Amino acid sequence: MTRPVADPAPVDLATVMRRIELVSRSWPGERIDPAGCLRGVRLEGTQPPIFWTFNTAAELPALAAHMPAGQPIIGSRSLNEIVDKPTRESTRLVADVAQIYARHLLERFGTGPCIVGGNCQSAEVAWHIALHLIAAGADLRGFITLDAGWQLPLPVPVRMIFGRTSRFNPLIRGDAAAMERRHANWRALFPAYELRIIAGNHGEYFRPEHIGALATAILAPLPKTGWRPRASAQQRWGVRTGNGGWTLTLPVRQVPPGTSAVVLAPLLGRQGALPLARPDLFDVASLPERRGRDWHVRLIALAEPGPWQIAPVLCAEGIGPLNWPPGAQVLELPAVTTTQTEPANHKGWRERFRALWNRLSGRNAGFADLGRRSRHATLEHQDFREIQFREDR
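No experiment lies behind these values; they were computed from the predicted model shown.

A. Expanded view of the pattern of salt bridges. As enumerated under the stated definition, the model contains eight salt bridges in all. E81 serves as the salt-bridge partner of R77, at 3.8 Å between the closest nitrogen and oxygen. When its relative accessible area of 3% is taken as the criterion, R77 is described as buried. Residue E81 is classed as partly exposed on the basis of its relative accessible area of 22%. With a closest N to O distance of 3.8 Å, E204 and R207 form a salt bridge. In this structure E204 comes out as partly exposed when scored by relative accessible area, which is 22%.

Right under this line is the structure:
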C-alpha cells in the first residue's frame, strides 16, 4: 500500500511528471505519450474515446475490463499520492499536469469526438483537460464525474454519478429545498445534465461487485442538448477595483428569450490552484447587470488575503455557458487597498452578499423560480428522489 507523498519543500512540474511516470509503469495498454503517463486500452475501437483520470493504479485495468470491444479508454493519473494535499491546493500543478495530458491527447487523437471524466479528486484534473480540449476545438461530447464535488461551468452535457450510500450523494444530503438549490445551480452550469445513482460507497466502485454498474453508467447515452458553444476571442472579460471589491465587464452577448443570465465565477487559489466551490465566497453565481453594451458583475472584497484569480463564465438558466473564451480566460484580481475596502461598510457588504446568495440559491423567490421553466430538468417537491435519477444495479 502506497502512502501519499509529503512535500515539505516546493516541488516542480518536472518532478511531478517523473513521479506520475513511475507509478504508471504497471498500467496496462499502449503508451500515448513518450513517458507512458497516459495509457490507452482498446485503441482499435471505433467509438469516441473516453479520456478518464484515475486516482490509483488498480482503477484503469478494472474499468477497461468491463468496456466493450469497440470502446477505447485512455487513462491518466491524478495527483493523489503524487503530491500532498496542501501542495495540490496552493500551486498550479493540477492545471499544469492537465495541460500536458491534453496536449498529448490532442497530438494522438486530434479534435475528433471524445468524452472526458474522472472520479473524486480526479474530476479536477479532468475539468482542466476538458477546458483545453474545448479551447482547441475538440468535439467534446460530454463530461462525466463519479462522487465528485467538482461542479464548475462546462458548455457540454454532464453526467454526475454517485454511490447510493456515498457521503457525496446529494440525495442523502439535505432536504428538498437543498436539492432545488442544487438543481438551480446545475441548470446554469451546464446545457444539460443527469444524475445517476449506482450501488456502493465511496472508494468501492472499482471492486468486482460494483465495477459493472459503473461501466454501464459511464457508457449510457448522454443527455441531449441543442446548444453548441463558440469560443470567441472578442468576448474578453475586464476587471477593475473600487468601492470595496471588483467589477467585471463583458461585452454584451445576446441572451435567449425567456432566460436569465447568470455569471459563474469560480474562485482561483492564491497561487492559481482551483479549489472546490465555496459558497461563502463569490464563486458560485452572481447576477449580472446590463449597462449599455456591457454586462457588469459586482464582486465584494474577500476577508482572506489574496492575490486571487477567477475564471468567469456568462451562463443562462437551462442553457448553460453562453461565452467560452479560448483557453478558459483567467483574470487576476488587483489588490484592494485598505481605503478601498471601506471597513465600516464591510458588514453591509456581507449582508448584501448574503441576500444575493439567498436569492440565487432559492431560499426565496428569484433564481430558483426561473429554474422551474428549464426544459432540461424539473423538480417535484413531493418526492425529489424520483426526478431524473436512474439507478443502475
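Once you've had a look at it, read on.
B. Region of interest: the pairing of strand 14 (residues 294-300). For strand 14, the buried fraction is high: five of the seven residues fall into the buried class. Sheet topology note: the strand 13 (residues 289-291)/strand 14 ladder contains three bridges and is antiparallel. In the strand pairing of strand 14, R291 is matched with D294. Linking strand 13 back to strand 14 in an antiparallel pair, the connection comprises two residues, with G292 at a positive phi of about 65 degrees.

C. Spatial organisation of the sheet that holds strand 14. Pairing is antiparallel in the open sheet, where four strands are placed in the order 9-10-14-13. The open sheet has two edge strands, strand 9 (238-241) and strand 13, and neither has a second partner. Taken over all neighbouring pairs, the strand axes of this sheet differ in orientation by 30 degrees on average, direction set aside. Note that strand 10 (residues 245-251) and strand 14 share seven bridges and pair antiparallel. Within strand 14, the residue paired with W246 across the bridge is L299.

D. Structural detail: the environment of W186. Secondary-structure assignment places W186 in helix 6 (residues 176-189). The buried category is assigned to W186, whose relative accessible area is 3%. As a C-alpha pair, W186 and Q151 span 35 residues in sequence and 8.1 Å in three-dimensional space.

E. Structural detail: the packing of helix 1 (residues 13-23) against helix 4 (residues 93-109). One way to put it is that helix 1 packs onto helix 4 with a least axis distance of 11 Å and a crossing angle of 60 degrees. In this structure, helix 1 crosses over helix 4, and the sense of that crossing is right-handed. Across the interface between the two elements, L13, V16, M17 and I20 of helix 1 pack against L93, D96, V97, I100 and Y101 of helix 4. Within the contact of helix 1 with helix 4, the residues separate by chemical class into eight nonpolar, no polar and one charged.

F. Layout of the environment of D147. As for its placement among the helices and strands, D147 is situated in the loop between strand 6 (140-146) and strand 7 (158-163). Considered as a pair, D147 and C120 are 27 residues apart in the sequence and their alpha carbons are 5.2 Å apart. If we ignore the near neighbours within four places in the chain, the residues touching D147 are C120, I161, F162, G163, S166, F168, H202 and Y205. Looking at D147, its side chain comes within polar contact range of the side chain of Y205, at 2.6 Å.

G. Here's a closer look at the packing of aromatic side chains. Within this structure, the stated rule accounts for five aromatic pairs. Of the aromatic side chains, those joined through ring pairs into one cluster are W27, W52, F54 and F206. Over the ring of F109 we find R108; its NZ or CZ atom is 5.8 Å from the centre of that ring. Residue placement shows R290 over the ring face of W295; its charged tip is 5.7 Å from the ring centre.

H. Fine view of helix 4. Relative to the 24 Å expected for 17 residues at 1.5 Å per residue, helix 4 spans 24 Å between its end C-alpha atoms, a close match to the ideal helical length. The inward-facing, buried residues of helix 4 abut helix 1, strand 3 (50-54), strand 4 (73-77), helix 3 (85-90) and helix 5 (122-135). A positive phi of about 70 degrees marks G110, the residue just after helix 4.

I. Inspection of the packing of helix 4 against helix 5 at higher detail. Where helix 4 meets helix 5, the closest approach of the two axes is 8 Å, and the angle between their N-to-C directions is 50 degrees. The angle between the axes of helix 4 and helix 5 places the two elements in the oblique class. Here helix 4 runs over helix 5; the crossing is right-handed. For the pair helix 4 and helix 5, the contacting residues are V94, A95, A98, Q99, Y101, A102, L105 and L106 in the first and E124, V125, H128, I129, H132 and L133 in the second. Residue classes in the contact of helix 4 with helix 5 are distributed as ten nonpolar, three polar and one charged.

The rules we used
Residues numbered from 1 in each chain as written. Predicted model: local features only at pLDDT ≥ 70, side-chain atom pairs only at ≥ 80, totals over all residues. Heavy atoms only, no water. Salt bridge = Lys/Arg side-chain N within 4 Å of Asp/Glu carboxyl O. Buried < 20%, exposed > 50% of the residue type's maximum accessible area, 1.4 Å probe, protein only. Helix = DSSP H or I, 4+ residues; strand = E, 2+ residues; numbered from the N terminus. Pairing = 2+ DSSP bridges. Axes fitted to C-alpha atoms, helices over the stretch in contact; angles between N-to-C directions. Left-handed = near helix turned anticlockwise from the far one by under 90°. Contact = heavy atoms within 4.5 Å. Nonpolar A, V, L, I, M, F, W, Y, C, P; charged D, E, K, R; others polar. Polar contact = N/O pair within 3.5 Å; in protein donor to acceptor, adjacent residues only side chain to side chain. Phe/Tyr/Trp six-rings, centres within 6.5 Å; stacked < 30°, edge-to-face > 60°. Lys NZ or Arg CZ within 6 Å of the ring centre and 35° of its normal. Expected span 1.5 Å × (residues − 1). Parallel < 35°, antiparallel > 145°, perpendicular 65-115°, else oblique.

Geometry only, nothing functional implied.
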